[in-house]
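# Examination of the molecular architecture
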Amino acid sequence: MDLTHTEEDEEFRAGLRAWLAAVLPGLPPRPDPLDWPARRAYDCGWQRRLYDAGYGHVHWDASPARRLVFLEETERAGAPYVGANFVGLLHAGPTIAAEGTPEQRERWLEPVLRGDEVWCQGFSEPGAGSDLASLRTRAVRDGDAYVVTGQKIWTSHAEVADWCELLVRTGTEGPRHRGITWLALPMDAPGVTVRPLRTLAGSAEFAELFLDEVRVPVANRVGEEDDGWRVTMVTLSFERGTAFVGEVVACRRLLGELARTARANGTWDDPALRRRLGRLSAEFLALWRLTQRNVSEAGAGGVPGTGGSVFKLHYSHARQELYDAAAEVLGPDALDLGREWTLDRLSSLSYTIAAGTSQIQRNIVAERILGLPKGR
């Protein structure tokens, strides 16, 4: 797909840049990064501003080139990113857009785009993380509802969410992945209990989710019963292929800030550090090119391919090395929890695990891209 910016794209860039210059100075102060209820209000308020200005649909409906322009300009201006809207905007919403019925798309998509509703992800379980197909949360059909019982863990943004993209087991015959169903769970349903989990950085962006005979309407099923594994692969392709686009832009910006800090504090005199930062610059440029390819695959309502696993595998390690380099530049200041870089470094430790471990991504690359045989 041609990603050359057209005259219309450049007009879009100029208009967006002017709008950001006018709006950003009037935003309220950003909330404490550990206060997720306050962050939800802030992030949803920003999403509503985008929606009212005509930019709310850019993650889904814009051309690949225009979406990349949007991400470049918002990051360059220091605008808020999706935050608490991450799941809804970047993988639950796109999944419903790709796999949902017209009624489901009408019900759920606009509230996400307006910032009215937040989604969380209920995939992993205590005994089903990388081996997601072994999940045991059970859903039994009872008339026009499923009765769901089980437990989820690492449920992103559950504490502040209105809806949960939930994987449940509805069938027991045949291979494990054939009995899984994708449901939209209302988080205020009777029988739902959320227990926040504190991360290394002190944030509660994850939670345990306990489900005790929770009734979920059959109308909330996305895809057919027992076909949830296929729908899940659509979700994961968005999560691995396009959901980290803005973070690549942010990492490239951070790398520039890191070089400036190194020049200011004298660590730039170390040739090994300069080589390291130069190599990281090349790696993030390569990741940006791969990002452009993945976004182009997802353009016009499409779904990213297995290239998302290539991106996720390499990005996870590059991001961790970027923050290791930041620690080298900052020295003792790298231990200051008041620094945003320090909190981001702690967060980066999870990237080789979240959204599919690096071991899982290597298997996908080996089997689905390189055509290697499965291990015995």
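The structure under discussion appears in the preceding block.
Predicted, not measured: the structure shown is a model, and the values here were computed from it.

### As for the overall build of the chain
- Along the chain, the regular secondary structure elements total eleven helices and eight strands.
- Within the chain, buried positions represent 51% of all 376 residues.
- Partitioning the contacts of the chain with sequence separation of at least 6, the portion at a separation of at least 24 is 73%.
- As displayed, the chain has an accessible area near 17100 Å², and 52% of this comes from carbon and sulfur atoms.

### Let's talk about helix 1 (residues 7–23)
- For helix 1, which comprises 17 residues, the first-to-last C-alpha distance of 24 Å matches the rise-based estimate of 24 Å (1.5 Å per residue) to within 8%.
- Residues of helix 1 that are buried include every one of Asp9, Phe12, Arg13, Leu16, Trp19, Leu20 and Val23, and no others. What you see down the axis of helix 1 is that its buried residues fit within an arc of 135°, all on one side. Across helix 1 from its buried face, at more than 90 degrees, point the exposed residues Glu7, Glu11, Ala21 and Ala22.
- Looking at the packing, one finds that the buried side of helix 1 touches helix 2 (36–52) and helix 3 (64–76).

### Considering the pattern of salt bridges
- All told, the structure shown has 24 salt bridges when counted by the stated rule.
- Here arginine 13 ties to glutamate 10 by a salt bridge, and the two come within 3.1 Å at their closest N and O atoms. With arginine 13 and glutamate 10 both in helix 1 and three residues apart, the pair spans about one turn of that helix.
- Overall, glutamate 10 belongs to the partly exposed group, its relative accessible area being 35%.
- One salt bridge in this structure joins glutamate 225 and arginine 141, with 3.9 Å as the shortest N-O distance. Of this pair, glutamate 225 sits in the loop between strand 8 (221–222) and helix 6 (228–241) while arginine 141 is found in strand 2 (residues 138–142), placing the two residues 84 residues apart along the sequence.
- Look at glutamate 225 and you get partly exposed, because its relative accessible area is 32%.
- A cluster of three or more residues bridged by salt bridges with shared partners is formed by Glu10, Arg13, Arg17, Glu72, Glu73 and Arg76.

### A closer look at the pairing of strand 4 (residues 163–169)
- Within strand 4, seven of the seven residues are buried, which leaves the element mostly enclosed by the surrounding structure.
- Taking every second residue as pointing to the same face, both faces of strand 4 are buried, with Trp163, Glu165, Leu167 and Arg169 on one and Cys164, Leu166 and Val168 on the other.
- Sheet topology places strand 1 (residues 119–122) next to strand 4; four bridges connect them, and they run parallel. Paired with glycine 122 across the strands is leucine 166, a residue of strand 4.
- The sheet contact formed by strand 4 and strand 5 (residues 180–186) spans seven bridges and is antiparallel. Bridging from a neighbouring strand, arginine 169 pairs with isoleucine 180 of strand 5.

### Notes on the packing of helix 1 against helix 2
- Look at helix 1 against helix 2: their axes get within 12 Å of each other, and the N-to-C directions meet at 135°. Put simply, helix 1 runs oblique to helix 2. Judged by the sense of rotation from one axis to the other, the crossing of helix 1 with helix 2 is right-handed. Between helix 1, through Trp19, Leu20 and Val23, and helix 2, the contact on the second element is made entirely by Trp46, Arg49 and Leu50.
- Taken together, the residues of the contact of helix 1 with helix 2 break down into five nonpolar, no polar and one charged.

### Concerning empty space enclosed by the protein
- Here the structure, examined in full by the defined rule, presents three cavities of 30 Å³ or more.
- Taken as a whole, the largest cavity holds about 80 Å³ of empty space.
- Every residue lining the largest cavity is counted, 13 residues in all, and those nearest its centre are Trp46, Leu50, Pro80, Tyr81 and Val82.
- Secondary-structure elements contributing two or more residues to the lining of the largest cavity are helix 2 and helix 3.
- Here the lining of the largest cavity gets four residues from one element, more than from any other, and that element is helix 2.
- When its residues are assigned to classes, the lining of the largest cavity shows eight nonpolar, four polar and one charged.

About the criteria used
- Starting from 1, residues in each chain are numbered consecutively following that chain's sequence as written.
- With pLDDT at 70 or above as the cut-off, local features in this predicted model cover only qualifying residues; side-chain atom pairs require 80 or more to be listed or tallied, and sums for whole chains, interfaces and linings still use all residues.
- Just so you know, side-chain values use all the structure's heavy atoms and leave hydrogens and water out.
- A run of DSSP states H or I qualifies as a helix once it reaches four residues; a run of E qualifies as a strand once it reaches two. Both are numbered from the N-terminal end.
- Only protein chains enter the calculation, and the probe is 1.4 Å; a residue is then buried if its accessible area is under 20% of its type maximum, exposed if over 50%, and partly exposed in between.
- Two residues form a contact once any of their heavy atoms are found within 4.5 Å.
- Calculation of accessible area relied on Shrake-Rupley with a 1.4 Å probe; when residues are assessed, cover is drawn exclusively from the protein chains displayed.
- To estimate how far a helix should extend, the number of its residues minus one is multiplied by 1.5 Å.
- Comment: arc refers to directions from the helix axis out to C-beta atoms.
- Salt bridges are defined by distance alone: a side-chain nitrogen of Lys or Arg within 4 Å of a carboxyl oxygen of Asp or Glu.
- The pairing criterion is simple: DSSP has to find at least two bridges between the two strands.
- Fitted lines through C-alpha atoms serve as axes, helices being fitted only where they are in contact, and the angles separating the N-to-C directions of these axes extend from 0 to 180 degrees.
- Geometric relationships in this document are graded by angle, where less than 35 degrees denotes roughly parallel, more than 145 denotes roughly antiparallel, 65 to 115 denotes roughly perpendicular, and other angles denote oblique.
- Left-handed describes a crossing whose near helix is turned anticlockwise from the far helix by less than a right angle; the clockwise case is right-handed.
- Under the convention adopted here, Pro, Cys and the residues Ala, Val, Leu, Ile, Met, Phe, Trp and Tyr are nonpolar, Asp, Glu, Lys and Arg are charged, and Gly plus all remaining residues are polar.
- For each structure, a 1 Å grid was placed over the protein atoms alone; sets of points admitting a 1.4 Å probe that cannot get out are labelled cavities, open sets with protein on both sides within 12 Å along at least five of seven lines are labelled pockets, and lining residues have an atom within 4 Å of a point.
- Grid points are joined across faces, edges and corners, and a volume is the space filled by probe spheres set on the points.

Purely spatial values, then, with no claim about function.
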